[in-house]
Amino acid sequence: MPPKKGRGRKSRKPKGREEAPADARSDAVRDRDDGRDVGADFALPETRTIIPEDQVKLSEKEMDEDVTRVLTANDPNVPANIIVFHYKDREYKRLPPGPSDHVVFHLELDGACLHIESDAAKAQLARQRQREEEEEERKKAVRAALAEVGDDVDVDAAESGKNQFNYSERAAQTFNNAVKQRGVTTEPPETKVFGATVSQWEVYDSYMDEWERVQHEADIDKGPRRPAAMSVKASAGGGGDDDDVIHSAAMGKSLRIMERMVNQNAEDEIYQDFKYWEDASDQFRDGEGSLLPLWRFADGRTRRKQVTALAWNPAFPDLFAVGYGTYDFMKQGSGLICVYSLKNTSHPEFMFTTDSGVMCLDFHPQHHALLAVGCYDGTVKVFDVRKKENTHIFVSDIKTGKHTDPVWQVSWQEEDLAKDLNFFSVSSDGRVANWIMSKNELKMETVMLLKLVTASSEEPDEETSLTGLAGGSCFDFNRMTEHLFIVGTEEGRIHKCSKAYSGQYLETYVGHHMAVYAVRWNPFHPRVFLSCSADWTVKLWDHRCPTPIMSFDVSTAVGDIDWAPYSSTVFACVTADGRVLVYDLMVNKHGALCNQKVVKKAKLTHVRFNATEAILLVGDEKGMCNSLKLSPNLRLVTQPPKSDVPLKKGEVAPPPPSRLEIEIGKINSLLASADAAVPVEESAAELAAAAEGKGKAEAEAEAPAAV
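Worth saying up front: this structure is predicted, and the values here are computed from it rather than measured. (Residues numbered from 1 in each chain as written. Predicted model: local features only at pLDDT ≥ 70, side-chain atom pairs only at ≥ 80, totals over all residues. Heavy atoms only, no water.)

Visitor: Explain the packing of aromatic side chains to me, please; I cannot follow it from the model alone.
Guide: Two aromatic rings, taken as a pair, are described by how far apart their centres are and by the angle between their planes. Evaluation of the coordinates by the stated rule reveals 23 aromatic pairs. Ring-pair connections join several aromatic residues into one group, and the members of that group are Phe297, Trp312, Phe320 and Tyr340. (Phe/Tyr/Trp six-rings, centres within 6.5 Å; stacked < 30°, edge-to-face > 60°.)

Right, here's the structure in full:
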């Protein structure tokens, strides 16, 4: 290493002293060892400034100017234009830029290491040394005690817990099963060589067989089998309809059962709620209930149609029919009838089409496969749902009789052994007609002409004044007195009529000032019926009193009403704003127990109770049919009262009241105020009608009314 030239700083030159000559300086710095001149090899570093060709040339003033630069935390590599589809708003939206840090910690654990110089580490080492010293002192005390006794035992070996006589260190490893190989050898299928000569006739026969097969597959959905000539030819060729297992009736039944099983497995939660779920909150709220939505029945061909009719089958509680049409005069088209089952909610069991929109329908109470249908063009039809064909078995025409306006309601009558099957209908043309099913045709008999009844201050419209008849919109027959029925009109009047006395009305009830949409007799009491109207009200009537007993305002048009089959005081109604209201007059006479909105932006048109299950069906104007389950507070059944009167010796306890007596007693308690204002004697016209057409059954049915 060469010697240092100096101390790294310059010495001041004293004043007045001359600088030494160059030769003297060079001799002073010469190396003494090898005589090499160190100053001759040293050179100062040279600095060169390289200016790029594209550099901006600035003046001195511009170079002295301060330029501010702001540093931000934004990462330019982070994407800021990510577009995703927002399913709630059903549109594409831009996501805001996320954080710039793309590091993801999959596992993070707190360490247990301490620095050896830290206080915690020193304290831990001190505790460890203290434990070692205590252990050593304990071992010394044990050795001293053993030495006094004279027992020569190794303390360290005794404390290890190992057997000192036959101990050996061993390692264990799990046993691996031996690998097995399996091979299967199969015999190849037999092969045959086939050869034939094809003629023109064989080609023609093969072509005809293929054409017949295609025609048969096309005719399966339509119902009728192929012509007899083709069947004979097919059987001669070795195949026929009886040999077609795929399209046989047994295969269709098996597929239907399999479809129901798959549907019930897919909707197992809904079926569990339908069978077992009960709203526990009803225990903590008296006088209130709720509706649980279950299934929504719809089909692709019912999208632009409205639900215009609902009817449960009287024999099969899981089967119901839905009629589709429209109430708009400007949008009339074809009609559709779908028969659904709760066992298969995905697709209708039967389906029938009509040329005009379906307005009403009803199942026969004894012959459960017969379905009467009323259409918008005034025709009535009868279908047999057992037949696979999409055709009616009876239809009305101009020759045998026909309504001139839409048929708003049809109702089957109880079968009489001496008469043919018959049903009644009401239409806007002002007629209530009886349709008799003969062998070959459907005969029409006019039962009642709805004469116009108006007050002196009211003026009828032009069409009504020309015909002199009121447009009928609904009707219902008394279940206790068969000859008695009530009719609701488009003018807001309700008329009580009799099949045996068709000359005039027995009574006219004035309470509604707009069209009456539905009237329903109470299924337990022979004197009480309900009515609903477009004037936003539901009214309860006693047919002996010309004014309503109770009135309920629901703040919008009421589309339909229906009595519950399990209680004489429970009924439901649907409104134009999509609400379902359920009333129980024994619990609350002034308000509904349940006021629940079922659909959004749709009008509810019809409602029906199930006869055995706690299910409510409602239809809307969008072609949907919703099923709802009633909570326990909405389906309370009054139990027979227990007698607390002690019995004397030998005295027999009186039998408890029947279900009918209990339900009639509930209604009689509501009618107590009305009975005091109405005399017991009926009007002269009603007595004449009863004397002319009432028989033994009617007299027995009216007996409970005096309870």
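Visitor: What exactly am I supposed to notice about the pattern of salt bridges here?
Guide: When their charged atoms lie close together, side chains carrying opposite charge are able to pair. Within the structure shown, the criterion is met by 19 salt bridges. Taking the shortest distance from any N to any O, the salt bridge between Asp282 and Arg285 comes out at 3.0 Å. For Arg386, the salt bridge goes to Asp384, with nearest N and O atoms at 3.1 Å. Accessibility expressed as a relative area gives 60% for Arg386, which makes it exposed. Classification of Asp384 by relative accessible area gives buried; the value is 8%. One network of salt bridges, with partners in common, ties together Glu210, Arg213 and Glu217. (Salt bridge = Lys/Arg side-chain N within 4 Å of Asp/Glu carboxyl O. Buried < 20%, exposed > 50% of the residue type's maximum accessible area, 1.4 Å probe, protein only.)

Visitor: Can you walk me through the environment of Glu663 in this structure?
Guide: Mapped onto the elements, Glu663 comes out in helix H11 (residues 659-670). With relative accessibility at 0%, the residue Glu663 sits in the buried group. On a C-alpha basis, the gap between Glu663 and His525 in space is 7.7 Å, while along the polypeptide they are 138 residues apart. With sequence-adjacent residues up to four places away left out, Glu663 is seen in contact with Phe524, Tyr566, Ser567 and Ser568. In terms of polar contacts, Glu663 uses its side chain to reach the backbone amide nitrogen of Ser568, at 2.8 Å. (Helix = DSSP H or I, 4+ residues; strand = E, 2+ residues; numbered from the N terminus. Contact = heavy atoms within 4.5 Å. Polar contact = N/O pair within 3.5 Å; in protein donor to acceptor, adjacent residues only side chain to side chain.)

Visitor: How should a negative patch on the surface be read in this particular structure?
Guide: Taken together, the side chains of Glu60, Glu62, Asp64, Glu65 and Asp66 make up a negatively charged region of the molecular surface. Relative to the assigned elements, Glu60 resides in helix H3 (residues 60-64). (Patch = residues over 30% accessible without salt bridge, like charges linked within 9 Å, V, L, I, M, F, W, Y side chains within 5 Å. Areas by Shrake-Rupley, 256 points an atom, 1.4 Å probe, with all protein chains shown as cover. Lys, Arg positive; Asp, Glu negative; His and termini not counted. Charge placed at Lys NZ, Arg CZ, Asp CG, Glu CD.)

Visitor: How do you make sense of the confidence of the model for the chain when you look at a structure like this?
Guide: Residues shown with low pLDDT carry predicted positions that ought not to be read at fine detail. Confidence in the prediction for the chain averages 79 pLDDT; 78% of positions are at 70 or higher. Counted against residues more than four places away or in other chains, residues 1-33, with its pLDDT under 50, gives 10 contacts. Every residue in residues 679-707 is under pLDDT 50, and counting partners more than four places away or in other chains gives 35 contacts. (pLDDT = per-residue confidence, 0-100.)

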